[in-house]
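Observations on chain architecture
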Amino acid sequence: MSDSAEASAPAVRADGRTPQAQELGTLFARHYSGLLALLVRQTRDTALAADILSDAIETTARHLESGRIVRPEAAAGYVYRVAMNLLRNYRRNIDNRPERRADPAVLETLPAGLGLDEALEERLARQVWEVVADLPTARDREIVKRFYLDEDDKAAICRDLGLSPVHFDKVVFRARQRLKALLEARGFKKSDFFSVLLVCV
Amino acid sequence: MQRAMDRRYIDDHHVVARYLADQLADAEREAFEAYYLEHPQMLEELEATARLKLGLARLEDTGELARLMRPPPWYRQFGRLAMAASLAIVILGVVLWLAGAPSSLPLAAASRDELTGLFRAPLAVASRHTVLRTRSTAPDALIELPSSAGAIELRVLPETVTTAPRFRVGLHRPEAGADSGPLVSLGGLSPDAQGFVSLYLNAARLEPGEYLLRVSPEGAGASGDEFLLRVSPPALP
């Protein structure tokens, strides 16, 4: 590495953490709790989910430092992509790497317990309850449950419930829009995330 | 050949939910990942969907989802129907009341039926008056208002000889000035065999005082006649 490159490299703290990884960990815990929750639910293993997210954050931070990620606003997307790839690998048992443990510093920034703040989970559950209860028929609620929770595919749901694909689309669209409106009404927006990230990078 | 990944494709094919469920084919997944790296706002959609899944899982854990899945019991559905029916009755009542309120009824009409609101019986004729042009300054008709609701029938004989098949009648307040518009104007009135033009006034909307009744044949440039009506309050019992 040249002198000039070393001079421009980000400071690495004595514990091996880079400021970018630290910031990304904090911001992801604050703004992207849904991803961590998804990882926990999918792996049924809080530590493994935290490992995956930590790994994704570290990888993204390294790419930011090396300049492989040119646009800082794309960093959150990179974390998402890496985390989803790691999860997929885990699920397919292709790249399950137990020796890769989480960076404790990043883990510290993540909420305790199941991986999520209990109050946050409860708040989310109430919002989703509103969305589901707002659907006009039991059949519409069944569609949302089977599609988003059971992860059944659209064709199977339409066949089982005797639905047209258009009706299915309408129900799913309505549920999605309603949840989005509820989340936005409670301040769920990523614009803050990007502005903080731009500053820290 | 697969369509290019864009917002429309993502919505139409439920790509976000299928991505989180790991149901996309490799090419579709890579295209979607490239898309959301280019469009960071798509992460909001990913995050919202992840939260929806989390919320549903939580509701399932607590048993609340199972309760939500059940159709509401019959009595609750019946309750909703009863409430809707009650509301409809109230609205209908208000509409009928408003339609029948004296202030919403016309002051004059070509027939008795038109003096009352919807679903109401025609007003009874309280008095009949033949209105002829007199050669004095005295009113052409003296009308005493009835003590209860009713229609006042006027049979007006136009003075101007004409072959016009239809007449227009306007009721004016003389003190309002010559240029003021009529209180009410009726068109298309046909004279009977004797040449009288009939109309009905709503006693409930008529106030004591003097009125000018202008009757003119319908048609361009046609002149008409004026009749002075004096309306007096109901006689004391």
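What you see is a predicted model; the values in this text were computed from it and never measured.

The predicted model of chain B has a mean per-residue pLDDT of 84, with 88% of residues at 70 or higher. Reported for the predicted complex are a pTM of 0.54 and an ipTM of 0.75.

Residues and elements named next belong to chain B. Nonpolar side chains collect at one region of the surface, where Leu-87, Ile-91 and Val-95 lie side by side and expose about 280 Å² of accessible area between them. For Val-95, the position within the fold is in helix H6 (residues 74–100). Exposure remark for Val-95: the relative accessible area of 44% places this residue in the partly exposed category.

This paragraph deals with the sheet that holds strand E6 (residues 184–189) of chain B. All names here are of chain B. The 5 strands lie next to each other as E3-E9-E8-E5-E6, forming an open sheet whose pairing is mixed. On the outer flanks of this sheet lie strand E3 (141–144) and E6, each paired with one strand and no other. Going from strand to strand, the sheet's axes swing by 25 degrees on average, the running direction of each strand aside. Across 7 bridges, the pairing between strand E8 (residues 209–217) and strand E9 (residues 225–232) is antiparallel. Paired with Gly-209 across the strands is Val-231, a residue of E9.

Looking at where Lys145(A) falls in the secondary structure, it is placed in helix H8 (residues 138–149). Sequence-distant contacts of Lys145(A), that is, excluding residues within four places in its chain, are made with Asp150(A), Glu60(B), Leu65(B) and Met69(B).

Cut-offs and rules
Residues numbered from 1 in each chain as written. Chains lettered and ligands numbered in written order. Predicted model: local features only at pLDDT ≥ 70, side-chain atom pairs only at ≥ 80, totals over all residues. Heavy atoms only, no water. pLDDT = per-residue confidence, 0-100. Patch = residues over 30% accessible without salt bridge, like charges linked within 9 Å, V, L, I, M, F, W, Y side chains within 5 Å. Areas by Shrake-Rupley, 256 points an atom, 1.4 Å probe, with all protein chains shown as cover. Salt bridge = Lys/Arg side-chain N within 4 Å of Asp/Glu carboxyl O. Helix = DSSP H or I, 4+ residues; strand = E, 2+ residues; numbered from the N terminus. Buried < 20%, exposed > 50% of the residue type's maximum accessible area, 1.4 Å probe, protein only. Pairing = 2+ DSSP bridges. Axes fitted to C-alpha atoms, helices over the stretch in contact; angles between N-to-C directions. Contact = heavy atoms within 4.5 Å.

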